[in-house]
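# Notes for the structure review
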Amino acid sequence: MNDLNALFRKRIGITGHEKLTFDKLDEILDKTARTIPFENLSIMASHLSDINKENVVNKVLVRNEGGLCYELNTALYFFLMENDFDVSLVRGVIYNQGWMTIGRTHVVILLNHEGQTYLVDTGFGGNLPLKPVPLKGEVVISRNGEFRIKREVTDHGDHILELKLKHKDLDWKMGYAFDSSIHVGNVVELNEIQTIIRENPQSPFNKHPLITRLTNSGNITLTDTSFTQWENGKMTKEEIDGTRFKELMKQYFNR
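This one's a predicted model, so the numbers in the text were calculated from it and none came from an experiment.

### Structural notes on helix H6 (residues 191–199)
- Buried within H6 are the following residues: Asn-191, Ile-193, Gln-194, Ile-196 and Ile-197.
- On the buried face of H6, the contacting elements are helix H3 (41–45), helix H5 (69–82), strand E2 (86–94) and strand E3 (106–113).

Structure representation (structure tokens):
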């Protein structure tokens, strides 16, 4: 196995020997969101590997690709474990004008620190909380918006992440529900999620290629038909073809 700790630090651009503390997590999450894209390209190309530690490390940290939540948060989970954080993975259900019908396919990290539990998520596209979000309800403000967690028991879990994205949302909206009490025992369980994402007709990620990451001043999103940039609250959108798609992939995602 490659040295996950060194590879992750190299990928996001932090020094290889610095001890990571809880206070450093804001920087880790911000750098991860800017360097490791949220993408479904392997789903679209059917280049899939089983979800396990070695394959996730190879994909995200050796081949320098991105991934979906079950890959990105799994990579971050292993990195945080290597750096002595008390973390676990849990599953949730995305809310998008209604609860998604494909089940608990969102994967997030819970982190315990000094008697408190926090949500950590680097696998939610452009909607990422760039700081740990406490489960007991305080509002967290990062450069891309405000985030909070509401304790509410539903069919989908016992907590709900709510968000208000900068420049985009005037009011709080629901992001996803998750169950804090049911931990993923082994990451191989996440193969079930990959199968659903790949095969279910209701999956949002098996129709068109999508790759997105945060930037210093907003975010960029590339699909097979468009390239959208948010920069300091202003959106520009370019309609594209396949040739332009490849050019933009190389220019903005080094691929």
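### Quick word on the packing of helix H1 (residues 4–12) against helix H2 (residues 25–35)
- H2 packs onto H1 with a crossing angle of 70 degrees between their chain directions and a minimal axis gap of 9 Å. By the angle between their directions, the pair H1 and H2 is classed as roughly perpendicular. For the pair H1 and H2, the contacting residues are Phe-8, Arg-11 and Ile-12 in the first and Ile-28, Lys-31, Thr-32 and Thr-35 in the second.
- Of the residues assigned to the contact of H1 with H2, the class counts are three nonpolar, two polar and two charged.

### What to know about the sheet that holds strand E1 (residues 38–39)
- The strand order across the open sheet built from five strands is E1-E10-E11-E12-E13, with neighbouring strands paired in antiparallel fashion. Edge positions in the sheet fall to E1 and strand E13 (234–239), since each has one partner strand and no second.
- Two strands pair when backbone bridges link them, and strand E10 (residues 210–214) and strand E11 (residues 218–223) are joined in this way by five bridges, in the antiparallel orientation. Its bridge partner being in E11, Arg-213 is matched across the sheet by Ile-220.

### What to know about the packing of H1 against helix H4 (residues 53–62)
- Orientation of H1 relative to H4, taken along the N-to-C sense of each, is 25 degrees, at an axis distance of 10 Å. Between H1 and H4, the interaxial angle falls into the category roughly parallel. As for the relative orientation of H1 and H4, their crossing is left-handed in sense. Packed against H1, whose contacting residues are Leu-4, Leu-7, Phe-8 and Arg-11, the element H4 presents Lys-53, Val-57, Val-60, Leu-61 and Val-62 at the interface.
- The residue makeup of the contact of H1 with H4, split by class, is seven nonpolar, no polar and two charged.

### What to know about unusual backbone geometry
- The backbone phi angle of Asn-64 is positive, close to 55 degrees, even though this residue is not glycine.
- Relative to the assigned elements, Asn-64 resides in the loop between H4 and H5.
- A positive phi angle is found at Gln-97, which is not glycine, with a value near 55 degrees.
- On the secondary structure map, Gln-97 appears in the loop between E2 and E3.
- When its relative accessible area of 80% is taken as the criterion, Gln-97 is described as exposed.

### Here's the deal with the environment of Asp-171
- Mapped onto the fold, Asp-171 is located in the loop between strand E8 (157–165) and strand E9 (173–183).
- On the basis of relative accessible area, Asp-171 is assigned to the exposed category, the value being 59%.
- In sequence terms Asp-171 and Leu-20 are 151 residues apart; their C-alpha atoms lie 34 Å from each other.
- Each residue touching Asp-171, except ones within four places of it in the same chain, is listed here: Leu-163 and Lys-164.

### Structural notes on the pairing of E2
- E2 sits mainly inside the fold: eight of its nine residues count as buried.
- Pairing of E2 with E3, which is carried by seven bridges, proceeds in the antiparallel orientation. Counted as the bridge partner of Leu-89 is Ile-109 from E3.
- Direction of pairing for E2 relative to E9: antiparallel, over a ladder of four bridges. Across the sheet, the residue bridging to Ile-94 is Tyr-176, located in E9.

### Details of the layout of surface pockets
- Estimates place the volume of the largest pocket at around 1000 Å³.
- Along the wall of the largest pocket there are 38 residues; nearest its centre are Asn-96, Phe-124, Gly-125, Gly-126 and Asn-127.
- Contributing elements (two or more residues each) for the lining of the largest pocket: H5, E8, E9, H6, E10, E11 and strand E12 (226–231).
- Looking at the lining of the largest pocket residue by residue, the class counts come to 19 nonpolar, 16 polar and three charged.
- Here the second largest pocket is characterised by a volume of approximately 250 Å³.
- Lining of the second largest pocket is provided by 15 residues; of these, Arg-143, Asn-144, His-167, Ser-217 and Gly-218 occupy positions nearest its centre.

Conventions adopted
- Residues numbered from 1 in each chain as written.
- Predicted model: local features only at pLDDT ≥ 70, side-chain atom pairs only at ≥ 80, totals over all residues.
- Heavy atoms only, no water.
- Buried < 20%, exposed > 50% of the residue type's maximum accessible area, 1.4 Å probe, protein only.
- Helix = DSSP H or I, 4+ residues; strand = E, 2+ residues; numbered from the N terminus.
- Contact = heavy atoms within 4.5 Å.
- Axes fitted to C-alpha atoms, helices over the stretch in contact; angles between N-to-C directions.
- Parallel < 35°, antiparallel > 145°, perpendicular 65-115°, else oblique.
- Nonpolar A, V, L, I, M, F, W, Y, C, P; charged D, E, K, R; others polar.
- Pairing = 2+ DSSP bridges.
- Left-handed = near helix turned anticlockwise from the far one by under 90°.
- 1 Å grid on protein atoms, 1.4 Å probe; cavity = no way out; pocket = protein on both sides within 12 Å on 5 of 7 lines; lining within 4 Å.
- Points joined across faces, edges and corners; volume = space filled by probe spheres on them.

Interpretation note: all reported values are geometric properties and have no functional meaning in isolation.
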